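Geometric and topological summary
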Amino acid sequence: MGGALQYLEEQRNARPELAEWYDAMADLYQKKLWHQLTLKLDQFVSLSIVQAGDCLIQLYHNFITDFEMKINLLKLAHFAVIVSRQYSEREAAISYLEGVIDKLHATRELRIEEPILYVKMQIAAFNLEEGNQKECKKLLEDGKSTLDSMTDIDPSVHASFYWVSSQYHKSRQEFAEFYKNVLLYLAYTSVESLSESFKLDLAFDLSLSALLGDNIYNFGELLAHPVINCLLGTKVEWLYYILQAFNTGNLALYQELCCVHGASLNAQPAFVVNQKKLLEKMNILCLMEIIFSRPAEDRTIPLSIIAERTRLSIEDVEYLLMKSLSVHLIEGIIDQVEGTIHVSRVQPRVLGMPQIKSL
């Protein structure tokens, strides 16, 4: 106990601007009010003033280690992950976290899988930053098995798993998997807790992956998510309107936006490389909009109407229909003699306000 208190006293004298914090922690520590001390530490480690240097590393080794097994072990895992980010060398950070995992194993407490999994996800993230995709993938696969075997899991554990998983898929340019995992991450995360710059970067990457991801044709859910509104009023606001164009299958608006914002689009290599794929997806969404705009009892559509709206030849329209049938966006029968398609089913979707008002 003496060593921990001595450390706090030294820090109090060295950093008078944080004296009240160190006094409060010393008081709670002496009274053995571990829950209240955990709450105070939670506030302290989030202060911007202690993020630089190795302040938190020293706090852990000289203070937290004295009582770490007396506090909530998931909270300990949270602290350990924050501390690990102050190590300048990734190998040292990983070694530190592996030491924390060993301590958690040694407690033999129930539900120890939760804090261990949380710490392992940070190790996976460090491996990914170092370019070690193989080790990251292994940790993610093991983590998925652990998650599937547990119930009543803390949202922070889910969020950490889906975040690291999303970054793994981002590094491999697997757009659809990145999109799915970011949405799951956001399902377990309070958007209000994220910084504005983080939300903007996330909204941009999420929008891009929705456009480029295979078999993603429903943009209503994405546009309804509050994080996407972060694009508005920024230099990348054009991406929001492109999403809207795709959501409504508005080919003319998409082509207009491509002309107006050509320089911004060309600055995104993924857009340039996938122009043909984007146009095909837009044509499929244009087709779906044609189907949705017709009464349920009038779903026999001349191919010429589709050709006119999509600006495709009849032959290309037939290919478009085959593609839509193959990914189960629609079900129906093409009549090449009559030059029509009879649609018996179309995949449901989330409607935006403009679409609802038009009903």
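An unreviewed UniProt entry lists the protein chain under the name 26S proteasome non-ATPase regulatory subunit 13 homolog B-like isoform X2, from Phoenix dactylifera.

Some thoughts on the overall build of the protein chain
Along the backbone of the protein chain there are 20 helices and three strands. Computed over C-alpha atoms, the radius of gyration of the protein chain comes to 27 Å, more than 25% over the 21 Å expected from 2.2 N^0.38 for 359 residues, which places it beyond the range of a compact globule. Taken along its principal axes, the extent of the C-alpha atoms in the protein chain is 90 × 40 × 40 Å. For the protein chain, buried positions account for 46% of its 359 residues. In the protein chain, the proportion of contacts linking residues at least 24 apart, taken out of those at least 6 apart, comes to 60%. Mean positive and mean negative side-chain charge positions of the protein chain (33 and 46 charges, respectively) differ by 1 Å.

Concerning the layout of surface pockets
By volume, the largest pocket amounts to about 1,200 Å³. What lines the largest pocket is a set of 34 residues, among which V81, R85, Y118, Y185 and L194 lie closest to the centre. Within the residue set of the lining of the largest pocket, elements represented by two or more residues are α5 (73–84), α7 (113–129) and α9 (155–171). Grouping the constituent residues of the lining of the largest pocket by class yields 16 nonpolar, 13 polar and five charged.

Some remarks on the UniProt feature "domain: PCI" (unreviewed entry) in the protein chain
Per the UniProt record, the feature "domain: PCI" (unreviewed entry) sits at residues 175–348. Between the first and last C-alpha atoms of residues 175–348 the distance is 22 Å; the span itself is 60% helix and 9% strand.

Brief notes about the pairing of strand β2 (residues 330–335)
Across six bridges, the pairing between β2 and strand β3 (residues 340–346) is antiparallel. Residue pairing across strands places I330 opposite V346, the latter belonging to β3. The turn linking β2 back onto β3 is made up of four residues, and G339 within it adopts a positive phi angle of 70°.

Re unusual backbone geometry
Positive phi values are uncommon outside glycine, yet Q173 reaches one of about 55°. Despite not being glycine, R311 shows a phi value in the positive range, around 60°. Position of R311 relative to the elements: it lies in the loop between α18 (303–310) and α19 (314–326). Judged by its relative accessible area of 55%, R311 is exposed.

Considering the nonpolar core
The biggest cluster of nonpolar side chains holds 123 residues, and the ones touching the most others in it are F63 and I228. The leading source of residues in this core is α7, at ten residues. Residue contacts for I228: discarding those within four places in its chain leaves A203, L206, S207, L222, L223, Y240 and L243.

Reading the values: rules and limits
- Each chain has its residues counted from 1, running along the sequence as written.
- Where local features are concerned, this predicted model is filtered to residues with pLDDT of at least 70; where side-chain atom pairs are given and counted, the filter is 80 or more; whole-chain, interface and lining totals use all residues.
- Side-chain numbers come from the whole structure's heavy atoms, not from hydrogens or water.
- Strands here mean DSSP runs of E at least two residues long; helices mean DSSP runs of H or I at least four residues long; both are numbered from the N terminus.
- Radius of gyration: C-alpha atoms only; globule rule: 2.2 Å multiplied by the number of residues to the exponent 0.38.
- The classification of residues rests on relative accessible area computed with a 1.4 Å probe and restricted to protein chains. Under 20% of the type maximum is buried, over 50% is exposed, and intermediate values are partly exposed.
- The criterion used for residue contact is that any of the two residues' heavy atoms lie within 4.5 Å.
- Think of it this way: Lys and Arg go in the positive column, Asp and Glu in the negative one, and His and the chain ends go nowhere.
- The atom standing in for a charge is NZ when the residue is Lys, CZ when it is Arg, CG when it is Asp and CD when it is Glu.
- Every definition here rests on a 1 Å grid over the protein atoms only: cavities are sets of points where a 1.4 Å probe fits but cannot get out, pockets are open sets enclosed by protein on both sides within 12 Å along at least five of seven lines, and lining residues have some atom within 4 Å of a point.
- Grid points are joined across faces, edges and corners, and a volume is the space filled by probe spheres set on the points.
- Amino acids outside the nonpolar list (Ala, Val, Leu, Ile, Met, Phe, Trp, Tyr, Cys, Pro) and the charged list (Asp, Glu, Lys, Arg) are all regarded as polar, and Gly is one of them.
- UniProt positions are given in the numbering used here, feature names are shortened, and annotations may be inferred rather than shown by experiment.
- Any two strands between which DSSP finds at least two bridges are classified as paired.
- Definition of nonpolar core: a set of buried residues of the types Ala, Val, Leu, Ile, Met, Phe, Trp, Tyr and Cys, connected through side-chain atoms within 4.5 Å.

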